[in-house]
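# Coordinate analysis (summary)
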Amino acid sequence: MYGVLILVSIYALLPFIWMLSTSLKTEAEAFRVPPTWIPIEPTLYAYIYMWVKKNFGIYFLNSTIISLATAVLSTFFGALAGYGFSRFMFNGRKFLIGFFLATQMLPGVLLVGPYFKILSKLGLYDTRTGLIIAFLTICLPFSTWMMKGFIDRVPDALDQAALVDGCSRLGVFFRVILPISAPGMVATIIFAFLLAWGDLLWVICLTSTESMVTVTLGIARTVGEFRIIWPMLMSGALMGGMPAIILYLLLQRLLVQGLTAGAVKE
Amino acid sequence: MKIKDQHMWIPFVFPGTLLLVLVLGFPAIQSILYSIYPEGGGSSYTFSNYSVLFKDSIFRQVFGNTALFVTLSVASHILLGLGVALILNKEIFAKPLFRLIALLPWVVPDVVAGIIWKWMYDPIYGALNDLLIKVGLISTHIPWLYNPRLALLSVVFVNLWRGFPFVMLILLAGLQSIPRVLYEAAAIDGASRWQLFSRITLPSLKKMFVVALALDIVWEVRRFGLIQAMTQGGPGTITEVLSTYIYKQYFQFFRFEYASAVSVIMTIALLMISLPYIWMISQEE
């Protein structure tokens, strides 16, 4: 039993160790045969190179701005809609819920073609705004579902108490529900952020200039190059995965809760 | 307790729905419209893109690749995910640590996962061949991603690494919600371990299985970054899946109408797969 766990742990961790190890090597050492696991001549050259010569700073900035904007937007509108779905029975409710769910199943490749044409017409091709709009297709249904799950768990009695005190429905939402489901909102924003951060398809289709490249695109492009300098690429990979890893380690419990909240119904 | 309120749901639900219809519904309809335009322009509607598609042997191979990739990925996710979940459901020393480690591969973007493993798989300088040779399992360097017979399996192996944690988490949550008393009562009645597993555990997990299965299948059919980073669909079309194929048709060959048709087929397949799940969830509300 422990043997299985240890095997799985090795399976899970080995690639990360290899990535870290390579990122600290010189190019020459990376192409040693047989490869070394602990760098003989460790160096931060790869990291410095990525930031100074390869515009990694721009990639990081783009990824952060776009992902954060999408995450916040989708979580806000998702919370609104989630509250509506959670507290109200109305005609067509099940249908709308089904609609939101179905939109999560649509593949990105269905939409990239039209988006290319529409964004070009609107002058939003190769812009951050265009990407933010595109990412909403991924994040909005997701955030709505997550927020609905969190709001479902807030007792209706709180709404009632506030309403009895003369609060309007919107007031209840902003002054009672949002503050109480703040942890849920944070979890949703983080999830949506990571969803947008990790995307490749949309950025590869809807950008064309260097100034709009994101972290994921920067990494994917390097793979097509004639000669890959692996320490650079591995340092890019580590930095590209860092936000996700850090957020995960810091907020593990919150993330796990949020994830299973969507699936488990009490 | 829900309130039957005539109109107050509107300001809450309407903005999100409108946004969704604008950014998603409208372009989706556009895509369907493109797909029934003839290639090369013209203004009349035609289903020629679809008939071309069904006759195209490359499309059929891509479709088959996708089906194979998804089946192998999801099956392996469930097997490993269930296995690890069952172990983690018991009283284990350092359980939080194991769970933390097990979840790590799922957290990073799939592009990152793709390039790490591409380097791991490097025939000469990569870690995998190095370890396997040191341990004595193989004697020559294996070109994991270049051998046509190994490439798809190699990609699936990476997808297993990347994807099993989610299934494990869902199943673990399901396992933890099974009351212990069920097992204790059955054990007193003389049930064997297999009976405990097949008569109590598996049925109780049914709903979790449906959720995990539906979500995972849909996600794997749509997987793009992982494969694009590792093989770009190669060698040749060995690892070409629907998403990478459609991407190429749009942005390498500029066959807009044809690409739209393929994407519509893909969407129909996805909706058919997820319909039971969507129905189940929305009916529960």
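Bear in mind that the values here come from a model prediction, so they are computed numbers and not experimental data. (Residues numbered from 1 in each chain as written. Chains lettered and ligands numbered in written order. Predicted model: local features only at pLDDT ≥ 70, side-chain atom pairs only at ≥ 80, totals over all residues.)

### Re the overall build of chain B
When you go through chain B residue by residue, the secondary structure sums to 13 helices and zero strands. Secondary structure elements in chain B, listed N-terminal to C-terminal, are α-α-α-α-α-α-α-α-α-α-α-α-α. Considered along the principal axes of its C-alpha atoms, chain B spans approximately 75 × 70 × 30 Å. Within chain B, residue pairs in contact and separated by at least 24 positions form 70% of the contacts whose partners lie at least 6 positions apart. (Helix = DSSP H or I, 4+ residues; strand = E, 2+ residues; numbered from the N terminus. Contact = placed C-beta atoms within 7 Å.)

### Comments concerning the overall build of chain A
What chain A contains, in helices and strands, is 14 helices and zero strands. Starting at the N terminus and walking to the C terminus, you meet the elements of chain A as α-α-α-α-α-α-α-α-α-α-α-α-α-α. Across its three principal axes, chain A shows a C-alpha extent of roughly 75 × 55 × 30 Å. Taken across its 266 residues, chain A has 50% of its residues classed as buried. Within chain A, counting contacts between residues at least 6 apart in sequence, those at least 24 apart form 77% of the total. (Buried ≥ 20, exposed ≤ 12 C-beta atoms within 10 Å, placed from the backbone.)

### Some thoughts on the interface of chain A and chain B
Contact residues are listed per partner, giving 82 residues for chain A and 81 residues for chain B. Residues belonging to the side of chain A that touches chain B are distributed by class as follows: 61 nonpolar, 16 polar and five charged. (Nonpolar A, V, L, I, M, F, W, Y, C, P; charged D, E, K, R; others polar.)

### Some points on the nonpolar core
Counting residues in each nonpolar core, the largest one holds 166 residues, and the members touching the most others are Phe135 of chain A together with Ile116 and Leu171 of chain B. Discounting residues that sit within four places of it in the chain, phenylalanine 135 of chain A has contacts with Ile66, Thr70, Ala196, Asp199 and Trp202 of chain A. (Core = buried A, V, L, I, M, F, W, Y, C linked by C-beta atoms within 7 Å.)

### Topic: the packing of helix H3 (residues 45-52) of chain A against helix H13 (residues 230-250) of chain A
Residue and element names in this part refer to chain A. For the pair H3 and H13, the least separation of the axes is 8 Å and the interaxial angle reads 75 degrees. Here H3 lies roughly perpendicular to H13, going by the angle between them. Taking contact as the criterion, the partners of Ala46, Tyr47, Tyr49 and Met50 in H3 are, on H13, Pro231, Met232, Ser235 and Gly236. Split by residue class, the contact of H3 with H13 holds six nonpolar, two polar and no charged. (Axes fitted to C-alpha atoms, helices over the stretch in contact; angles between N-to-C directions. Parallel < 35°, antiparallel > 145°, perpendicular 65-115°, else oblique.)

### Details of the environment of glutamate 257 of chain B
Within the secondary structure, glutamate 257 of chain B sits in helix H13 (residues 256-284). Residues glutamate 257 of chain B and isoleucine 217 of chain B, 40 residues apart in the sequence, show an inter-C-alpha distance of 27 Å.

### Brief notes about the confidence of the model for chain B
Averaged over all residues, the pLDDT of chain B is 91; the fraction at 70 or higher stands at 98%. Confidence estimates for the predicted assembly give a pTM of 0.91 and an ipTM of 0.90. (pLDDT = per-residue confidence, 0-100.)

### A word on the packing of helix H2 (residues 48-55) of chain B against H13 of chain B
Residues and elements named next belong to chain B. As a packed pair, H2 and H13 sit with axes 9 Å apart at the nearest point and diverge in direction by 70 degrees. Considering their axes alone, H2 and H13 lie roughly perpendicular with respect to each other. Note on element contacts: H13 touches H2 through Glu257, Tyr258, Ala261, Val262 and Ile265, opposite Asn49, Tyr50, Val52 and Leu53. Class assignment for the residues of the contact of H2 with H13 results in seven nonpolar, one polar and one charged.

### Description of the environment of alanine 191 of chain B
Residue and element names in this part refer to chain B. Here alanine 191 is to be found in the loop between helix H8 (180-188) and helix H9 (193-204). Here the alpha-carbon distance between alanine 191 and leucine 169, two residues 22 residues apart in the chain, equals 27 Å. Ignoring anything within four residues of it in the chain, the contact list for alanine 191 reads Ala186 and Leu196.

### A word on the environment of threonine 267 of chain B
Checked against the element boundaries, threonine 267 of chain B lands in helix H13. Taking the number of C-beta atoms within 10 Å as the measure of exposure, threonine 267 of chain B has 20 and is therefore buried. Separated by 49 residues in sequence, threonine 267 of chain B and valine 218 of chain B place their C-alpha atoms 10 Å apart. Not counting residues within four places of it along the chain, the set of residues in contact with threonine 267 of chain B comprises Leu106, Pro107 and Leu110 of chain A.

### Re unusual backbone geometry
Residue proline 34 of chain A is reached from valine 33 of chain A by a cis peptide bond, and omega for that bond is -5 degrees. Turning to its location among the elements, proline 34 of chain A is positioned in the loop between helix H2 (27-30) and H3. At the junction of glycine 234 of chain B and proline 235 of chain B, the peptide bond is cis and its omega measures out at 0 degrees in the coordinates. Relative to the elements of secondary structure, proline 235 of chain B occurs in the loop between helix H11 (225-230) and helix H12 (242-251). For alanine 94 of chain B, which is not a glycine, the phi torsion comes out positive at approximately 65 degrees. Structurally, alanine 94 of chain B is set in the loop between helix H3 (57-88) and helix H4 (95-107). C-beta crowding within 10 Å serves as the criterion here: with 11 such atoms nearby, alanine 94 of chain B is assigned to the exposed category. The backbone phi angle of glutamine 232 of chain B is positive, close to 55 degrees, even though this residue is not glycine.

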